[in-house]
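# Per-entry structural report
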Amino acid sequence: MESHEGFGVSVGSMPKAAFSYHGEDDDQIATVLSSDVKPRILLMGLRRSGKSSIQKVVFHKMSPNETLFLESTAKIFKDDVSNNSFINFQIWDIPGQVDFLDTNFDLDMIFGGTGALIFVVDAQDEYIDALTCLHQTVSKAYRVNPQIRFEIFIHKVDGLSDDHKIETQRDISQRANEELHEAGLTDLHLSFYLTSIYDHSIFEAFSKVVQKLIPQLSTLENLLSSYVQNSMVEKAFLFDVVSKIYIATDGSAVDMQSYELCCEMIDVMIDMTCIYGDDESECACEQDSTCIIRLNNSSILYLREITRFLVLVCILRDEAFTKRGIIDYNILCLQKAIHSVFDVRTKLNKPNGVLPVEGMNSIGHLANSTNA
Amino acid sequence: MKKKVLLMGNLVLNLWDCGGQEAFMENYFASQRDNIFRNVEVLIYVFDVESRELEKDMHYYQTCLEAILQNSPSAKIFCLIHKMDLVQEDQRDIVFRDREDDLVRLSKPLQCACFKTSIWDETLYKAWSSIMYQLIPNVQELETNLARFAEIINADEVLLFEKATFLVISHNERRKHKDIHRFEKISNIIKQFKLSCSKVAASFQSMEVRNNCFAAFIEVFTSNTYVMVIMSDTSIPSELTLINIRNARKHFEKLEKLDKNRLNAGRQWRV
């Protein structure tokens, strides 16, 4: 196994070819060779752009203020978040100072199994270098695996005014796309997001990135739309409890403020459960967790646990909540449907598997509350 | 700098943030003294534990006390020994006891209650809760009634919050809970959520959090308080507990009214 020494960084966990691997980590061979490779999200960008902070804040509930104390990442940090989270991905936090053009890295291995590449650009800094690095990284990755989705996070925008944010996004996207065009890579599509760890924008952006990687997304969206229509609910989100990323929502537009309010509600539920819940079980999500918050503007926030990792958060009116029996029955149907959607995934073990017919059938059982 | 806070409906907290600068202090005492110190019910004096000018601090404090003695001799006096986080952990108790002894001595014939505080831990919250607790006129009666209420509805715990600040002003614990800092945590959880609600121009009225081992209810109680009820018997349906809370509300509202009539009309608590 070769290790690359540069900038005093030792990246010891990247074998050039699987067969010349001298084995510290058997798991790695298994994952490289097996067909059941977990989809990978790569976090890349220049040093100090904020990659590790993003990963800690989104998946490890770190407070944004604490990220000031994070040290520079020396090795590629592979975070397997599937234990606590529905999101069955590996997040690879790649140190900013690693030079990928160096041939010591097995680019096929890295980019081959990757679903999404998030490139973080520090909006508060000069981004010329970032753009160059972005172009190099993206071109290389695209050549290895044209299926990768490229997501550009224009990060640390909490310090910028609204006009400045829009201007920065416009500038960065224009330049990036121009460079790609000049290089002849016209089929390469980049998505841009304005993010900051100090508000909910990073969660919203990550939600969109993750949603693109979930093959069952359209099924889930249909289920939620059906549920919303039949229960007179205004908005419904399917959240991953630990990361507060929503993996699906119904067809109506997402209002950032509603999304934030739902995130806050999840926090309330988790914090209260940590204080008064059972010690032995995990703090994250107990069985049958329910949370109802009534607001003074006749709105109600209603949270119901769907699976160990997923919760349904609905926003509805006071009047609609009087038909709670029907709403609860619909949620039961929704829960069964969602369980069967994911059961099919594990049975078939194909990431782009057939959409389950069983899931759609149960929608027929959803009672129509307007007729009740 | 002045600020008015309304607590418990009829307690008006006039917060006078008297700047610490010398010239300011001298000026204040010279020209405004009687005005400031008349009709004071509570004096909260904050000391910086790291201060290098202990003598001067004590001098100003004593000047205040003199003014209190002349104008409002029945005022309650609280001293906060603040910024305790800057003192080494093993030294904190000693340093605090030292200061407390000095202050109690210097304050005679007036009595003062001392607290060690820091914004970085729960001590400030505890101090404010204690101060609030002493400001509530009928707190003993409130506690007895809360205990009866908790007994009747078979609750693990019942907490009473002041509406504006969400400070815990009274609680009854029927089942021991190991987290002694939970009051501050709960206050923070609710305040954080209130803040988020205000961003969408709304405020929350009630909350229910439950799972298969507990149920927590936060409801508006009297016109000045919120109540939180914790039940560990999850077979009891929510509606039952909510009805109990609704019925208790009337009783506690009556208690508050009685107390209001006891106080003089238009009496203001200057702090």
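Here is what the cut-offs are and how they apply
- Residues numbered from 1 in each chain as written.
- Chains lettered and ligands numbered in written order.
- Predicted model: local features only at pLDDT ≥ 70, side-chain atom pairs only at ≥ 80, totals over all residues.
- Heavy atoms only, no water.
- Pairing = 2+ DSSP bridges.
- Helix = DSSP H or I, 4+ residues; strand = E, 2+ residues; numbered from the N terminus.
- Axes fitted to C-alpha atoms, helices over the stretch in contact; angles between N-to-C directions.
- Patch = residues over 30% accessible without salt bridge, like charges linked within 9 Å, V, L, I, M, F, W, Y side chains within 5 Å.
- Areas by Shrake-Rupley, 256 points an atom, 1.4 Å probe, with all protein chains shown as cover.
- Salt bridge = Lys/Arg side-chain N within 4 Å of Asp/Glu carboxyl O.
- Buried < 20%, exposed > 50% of the residue type's maximum accessible area, 1.4 Å probe, protein only.
- Contact = heavy atoms within 4.5 Å.
- Buried area = accessible area lost by both parts, 1.4 Å probe.
- Polar contact = N/O pair within 3.5 Å; in protein donor to acceptor, adjacent residues only side chain to side chain.
- Nonpolar A, V, L, I, M, F, W, Y, C, P; charged D, E, K, R; others polar.
- Parallel < 35°, antiparallel > 145°, perpendicular 65-115°, else oblique.
- Left-handed = near helix turned anticlockwise from the far one by under 90°.
- Expected span 1.5 Å × (residues − 1).
- Arc of directions from axis to C-beta.
- pLDDT = per-residue confidence, 0-100.
- Phe/Tyr/Trp six-rings, centres within 6.5 Å; stacked < 30°, edge-to-face > 60°.
- Lys NZ or Arg CZ within 6 Å of the ring centre and 35° of its normal.
- Core = buried A, V, L, I, M, F, W, Y, C linked by side-chain atoms within 4.5 Å.

## Details of the sheet that holds strand S10 (residues 225-231) of chain B
Strand order across the open sheet formed by ten strands is S10(A)-S9(A)-S13(A)-S12(A)-S11(A)-S8(B)-S9(B)-S10(B)-S6(B)-S7(B), with antiparallel pairing between neighbours. Strands with a single pairing partner mark the edges of an open sheet, and in this sheet they are strand S10 (245-249) of chain A together with strand S7 (168-173) of chain B. Averaged over neighbouring strand pairs, the angle between their axes works out to 15 degrees when direction is ignored. Two elements, strand S11 (residues 290-295) of chain A and strand S8 (residues 204-210) of chain B, share six bridges in a ladder whose sense is antiparallel. Bridging from a neighbouring strand, A:Ile292 pairs with B:Glu208 of S8(B).

## Structural notes on a nonpolar patch on the surface
All names here are of chain A. Among the surface-exposed residues, Leu68, Phe69 and Tyr198 lie close enough to one another that they form a single nonpolar patch of about 410 Å² accessible area. Mapped onto the elements of the fold, Phe69 is located in the loop between helix H2 (51-59) and strand S4 (77-80). Judged by its relative accessible area of 71%, Phe69 falls in the exposed class.

## Points about the interface of chain A and chain B
In this assembly, 28 residues from chain A lie in contact with 32 residues from chain B. The junction of chain A with chain B conceals about 2,500 Å² of combined surface from both sides, 63% of it contributed by carbon and sulfur atoms. Of all residues in chain A, the largest losses of buried area upon contact with chain B belong to A:Met272, A:Ile275 and A:Tyr276, amounting jointly to 28% of the total for that side. Scanning the region where chain A abuts chain B turns up zero salt bridges. For the interface between chain A and chain B, the tally reads nine residue pairs in polar contact (both at pLDDT 80 or more). Looking at which element gives the most residues to the side of chain A that touches chain B, the answer is helix H8 (residues 256-276) of chain A, with eleven residues. Of the residues belonging to the side of chain A that touches chain B, the class tally is twelve nonpolar, eight polar and eight charged.

## A look at the pairing of S10(A)
Residues and elements named next belong to chain A. With five of five residues buried, S10 is to be regarded as a mostly interior element. Relative to S10, strand S9 (residues 235-240) runs antiparallel, the two being bridged by four bridges. Looking at S10, one finds that Asp240 is bridged to Ile245.

## Structural notes on the packing of helix H4 (residues 128-144) of chain A against helix H5 (residues 162-182) of chain A
Residue and element names in this part refer to chain A. Closest axis-to-axis distance for the H4/H5 pair is 10 Å, and the angle between their directions is 40 degrees. On the basis of the axis angle, H4 is oblique to H5. When the axes of H4 and H5 are compared, the crossing they make is right-handed. Every residue of H5 that contacts H4 at Ile128, Leu131, Leu134, His135 and Val138 is listed here: Ile172, Arg175, Ala176, Glu179 and Leu180. Looking at the contact of H4 with H5 residue by residue, the classes come out as seven nonpolar, one polar and two charged.

## Quick notes on helix H5 (residues 139-153) of chain B
Residues and elements named next belong to chain B. End to end, H5 covers 21 Å across 15 residues, agreeing with the expected 21 Å (1.5 Å per residue, within 8%). When we look at burial in H5, the residues that qualify are Val139, Leu142, Asn145, Leu146, Phe149, Ala150 and Ile153. The arc that holds the buried residues of H5, viewed along the axis, is 140 degrees, so those residues lie on one side. H5 presents Gln140, Thr144, Arg148, Glu151 and Ile152 as exposed residues on the side facing more than 90 degrees away from its buried surface. Once H5 finishes, Asn154 follows within two positions and takes phi at roughly 65 degrees, a positive value.

## Description of the confidence of the model for chain A
Residue and element names in this part refer to chain A. Summing up the model confidence of chain A, the mean pLDDT is 75 and the portion of residues at 70 or higher is 72%. In this model residues 1-37 is a low-confidence stretch, pLDDT under 50, and it forms 48 contacts with partners more than four residues away in sequence or in other chains. Every residue in residues 349-364 scores below 50 in pLDDT, and together they form 22 contacts with partners more than four places removed in sequence or on other chains.

## Quick look at the packing of aromatic side chains
Summed over all chains, the structure comprises 23 aromatic pairs over all chains. Considering the side-chain rings of A:Phe239 and A:Tyr246, the 6.4 Å spacing of their centres and the 65 degrees angle between planes classify their relative orientation as edge-to-face. Relative accessible area serves as the criterion here: at 0%, A:Phe239 is assigned to the buried category. Put simply, the rings of B:Phe161, B:Phe166, B:Phe193, B:Phe204 and B:Tyr226 pair up and form one aromatic cluster. Cation over ring: A:Lys235 sits above A:Phe237, and NZ or CZ is 5.3 Å from the ring centre. The cationic tip of A:Lys244 hangs over the ring face of A:Phe203; the distance from NZ or CZ to the ring centre is 5.5 Å.

## Focus on the nonpolar core
In a soluble, globular protein the nonpolar side chains are often hidden away together inside. In this structure, A:Phe206, A:Tyr227, A:Leu238, A:Phe239, A:Leu312, B:Phe193 and B:Phe204 are the most contacted members of the largest nonpolar core, which totals 118 residues. If one sorts the elements of this core by residue count, H8(A) sits on top with twelve residues. Here B:Phe204 is in contact with A:Ile293, A:Arg294, A:Leu295, B:Phe166, B:Ile190, B:Phe193, B:Lys194, B:Cys197, B:Ile218 and B:Tyr226, once residues within four sequence places are set aside. Core analysis: the second largest hydrophobic core is formed by 29 residues, A:Leu117, A:Leu134, A:Ile148 and A:Leu188 among them.

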